[in-house]
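One-letter residues, chain by chain:
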Amino acid sequence: MQKKISTPQTRIGTPTMQSVNPSVNSDEITELHFLIHYSYYLEIMRERLFSRLDKLVLYVQFMLASWVIASMPYSVLVGLLLILLAAIQFSYQYGTAASQSKNQAAKYKALRYELPRLTAQAIRQQLHVIEETDPPEVGALCLPAYWRTCIRLDHADLNNRMETLSRWQKIIAWLAGDLPTKPPHFLTQ
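Computed from a prediction, not measured in an experiment: that's the story for all the values here.

Q: So what's going on with helix 3 (residues 94-114)? Residues and values would help.
A: Helix length check: helix 3 (21 residues) gives 30 Å between terminal C-alpha atoms against 30 Å at 1.5 Å per residue, within 8%. Taken together, the buried positions of helix 3 are Tyr94, Ala97, Ala98, Ser101, Gln104, Ala105, Tyr108, Leu111 and Arg112. Buried residues in helix 3, looked at end-on, bunch into an arc of 140°, giving them a common side. Among the exposed residues of helix 3, those oriented more than 90 degrees off its buried face are Lys102 and Tyr113. Contacts made by the buried residues of helix 3 are with helix 1 (26-69), helix 2 (75-92), helix 4 (120-131) and helix 5 (139-153).

What follows is the structure, encoded as structure tokens:
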């Protein structure tokens, strides 16, 4: 299972990681390094998003339940909303998804710390093992995670200008707690 980065790339900047094995292609190491960081930030954002959605749904359920208990008007409508929210929470299981993303992020983080000691082949093998249990990506988080990775690693890909975030991507990234306020400086020149 290969992660797809939503922004086209031809080459990802200059190498920042050196492998123990000098015969390894440094561009390949750089691309793997970028992919691992991208995956890490994507999982962190996904975990925050689903954790917050889970808490939001629970909060609304508590508010609606207190409304029903207080015998306010429209209690049938409120009861139907409670049923709908319970069905959404049961179907999507935001808490479980958040926990799964947190575990995946921990795996990517551990691999990030091992990068200086690994060859490209070892990195690919470990990455393949981690990606086998990757949850589905939230499409609206792909570009913000890409930006976050570019900012963090200070990668310049001057041949490809990044598109701006759509309103939906901004909302989802804001809910995920990591909205890059502007594109990396090197992509707007």
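Okay, back to it.
Q: Before we move on, can you summarise the pattern of salt bridges with the specific residues and values?
A: Applying the stated criterion to the full structure yields three salt bridges. For Arg117, the salt bridge is made with Glu114, and the minimal N-O distance between the two is 3.8 Å. The class of Arg117 is exposed, set by a relative accessible area of 56%. You can call Glu114 partly exposed: its relative accessible area is 30%.

Reading the values: the criteria
- Residues numbered from 1 in each chain as written.
- Predicted model: local features only at pLDDT ≥ 70, side-chain atom pairs only at ≥ 80, totals over all residues.
- Heavy atoms only, no water.
- Helix = DSSP H or I, 4+ residues; strand = E, 2+ residues; numbered from the N terminus.
- Expected span 1.5 Å × (residues − 1).
- Buried < 20%, exposed > 50% of the residue type's maximum accessible area, 1.4 Å probe, protein only.
- Arc of directions from axis to C-beta.
- Contact = heavy atoms within 4.5 Å.
- Salt bridge = Lys/Arg side-chain N within 4 Å of Asp/Glu carboxyl O.

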